[in-house]
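Chain residues, written in single-letter form:
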Amino acid sequence: MGDLAVGARSGHEGPEERPGPSDEPGVEAAAGGTNPGSDAADGDEARSGQDAKPPKKQRSFWKELPLLIGIALVLALVIKSFLVQAFSIPSDSMQNTLQQGDRVLVDKLTPWFGSEPERGEVVVFKDPGHWLDGEPTPDPNAVQRVLGWIGLMPSADEKDLIKRVIAVGGDTVECKGTGPVKVNGRALNEPYVFAGNTPCTVDDQGGQFKVTVPKGKIWVMGDHRQNSLDSRYHQNQPGGGAVPVDNVVGRAIVVAWPPTRWSTLPKPDTFDQPGINALSSAAPGVLGLAGAAPLVLWRRRRLTVAAARNARVSGDRSARVSGGSTAG
C-alpha cells in the first residue's frame, strides 16, 4: 500500500521537484531515474542484435549471367516450339509479297487449338515429298546452328516451304489459259501476283489444270507464278500436288526483317467473295438444321402427351360431376 501511495503522490499529487534520498532501495532507484527492468531490456536488445543475421550480399552480375542465359534459352525453345518461329525466305517464288532474304514470323500457336489453313493465307509447311530435291543445302557455321536450334535464327536443317493457300479440302480449283484462277467457279482477283506474270501459266507440265482438293489437304501456289514449283508441278507425285494439313507448320503473319520491309501478311479480300465459301457456309446451316430437328420432334411429342393428359383429366372430371348430380 505504501509503495502505491508514494507512487501516487510523486506521480500526480506532489509538486514537480527533484526527489531526495530514500531509505527504500526501490524508491531510491526510481528517484535516480533508473528503471529496475532496464538492464534486462538492454540485455535482450544486445542479444537480439547479436543473433540477427547480416543481410545477404547480392551476387554480382557475372555470377547471375549464366542463370539469365539459361532462362533465356528455355524461353526461346518454348516460343519456337509452341508460339512463334522465324523463317528465312530462300527464293523468289513469293515475290513481290516476300523477297529473298526476308525474315518472316510464323504463328505456330493457333494450329494447337485446331485452327486449319484458310484460303489466301501464306503458310510454311514441311516438304510433303521430294519437292526440294535438287535444291542447294545451306552450310551454316556453328553459331548459326546454335541460334537456329533455339529459334533465334531460321534452322538450316528444316526442309520447309512457303506458299499461298489457294484452295482447301473439297474446293475445285482450276487454271485455263492465262487465267484468272478460279475456286469453286469464282474468279480470283490477285493483285499480289508478281508484276508481269499471268495468274495461270500456259504450259503442259501442270500450268493448266482443274483439280478437286482432297479433304484434309490444301492447294498452294507461289505469288511469282512463272517462277514457283508449287502444287501445279507436283501433280504426278503421291498426293497429286496437294499438301496435307498436318504438314503445315503455321501461318506467316509478319515480315520482321529487314526493318525497311516490316509489314503484315493479311488474307486478301478476294477469298471472302460470296460463293467461294459456298460449301463451308452451307455447313453451319445443315448442322443447325440437324441440331434443331430433334428439339422440334421432342417439343411436338411433349405437346401431344400434354394434350392427351388434359383430355384424360377433363374426362375424369366430367365423370365425377355426373356421379355427384345423380347422388344428389
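Report on the accompanying structure. (Residues numbered from 1 in each chain as written. Predicted model: local features only at pLDDT ≥ 70, side-chain atom pairs only at ≥ 80, totals over all residues. Heavy atoms only, no water.)

## Details of the overall build of the chain
In terms of helices and strands, the chain carries six helices and 12 strands. Taking all 328 residues of the chain together, the buried fraction comes to 26%. Residue pairs at least 24 apart in sequence account for 71% of intrachain contacts in the chain once pairs closer than 6 positions are excluded. As displayed, the chain has an accessible area near 21,600 Å², and 59% of this comes from carbon and sulfur atoms. (Helix = DSSP H or I, 4+ residues; strand = E, 2+ residues; numbered from the N terminus. Buried < 20%, exposed > 50% of the residue type's maximum accessible area, 1.4 Å probe, protein only. Contact = heavy atoms within 4.5 Å. Areas by Shrake-Rupley, 256 points an atom, 1.4 Å probe, with all protein chains shown as cover.)

## Thoughts on a nonpolar patch on the surface
On the surface, a nonpolar cluster with roughly 510 Å² of combined accessible area is contributed by Leu83, Val84, Leu109, Trp112 and Phe113. Within the fold, Trp112 resides in the loop between strand 2 (103-107) and strand 3 (122-126). (Patch = residues over 30% accessible without salt bridge, like charges linked within 9 Å, V, L, I, M, F, W, Y side chains within 5 Å. Salt bridge = Lys/Arg side-chain N within 4 Å of Asp/Glu carboxyl O.)

## Some remarks on the environment of Asp92
Inspection of the secondary structure assignment puts Asp92 in the loop between strand 1 (84-88) and strand 2. Separated by 136 residues in sequence, Asp92 and Ser228 place their C-alpha atoms 8.0 Å apart. With residues near it in sequence (within four places) discarded, Asp92 still touches Gln100, His224 and Asn227.

## Thoughts on the state of the cysteines
Counting across every chain of the model gives one disulfide. Each sulfur in the disulfide pair Cys175 and Cys200 lies 2.2 Å from the other. Across the disulfide from Cys175 to Cys200, rotation about the S-S bond amounts to roughly -80 degrees, and the bridge is consequently left-handed. Placement of Cys175 in strand 5 (residues 172-175) and of Cys200 in the loop between strand 7 (186-187) and strand 8 (209-212) is noted, with a sequence separation of 25 residues between them. Both residues of the pair, Cys175 and Cys200, belong to the buried class. (Disulfide = S-S within 2.5 Å.)

## Digging into the side chain of Arg119
Secondary-structure assignment places Arg119 in the loop between strand 2 and strand 3. With relative accessibility at 10%, the residue Arg119 sits in the buried group. At a separation of 2.6 Å, a polar atom in the side chain of Arg119 contacts the side chain of Asp171. Among all residues touching Arg119, those that are not within four sequence positions of it are Val165, Ile166, Ala167, Val168, Asp171, Val183, Asn184, Lys267, Phe271, Ile276 and Asn277. (Polar contact = N/O pair within 3.5 Å; in protein donor to acceptor, adjacent residues only side chain to side chain.)

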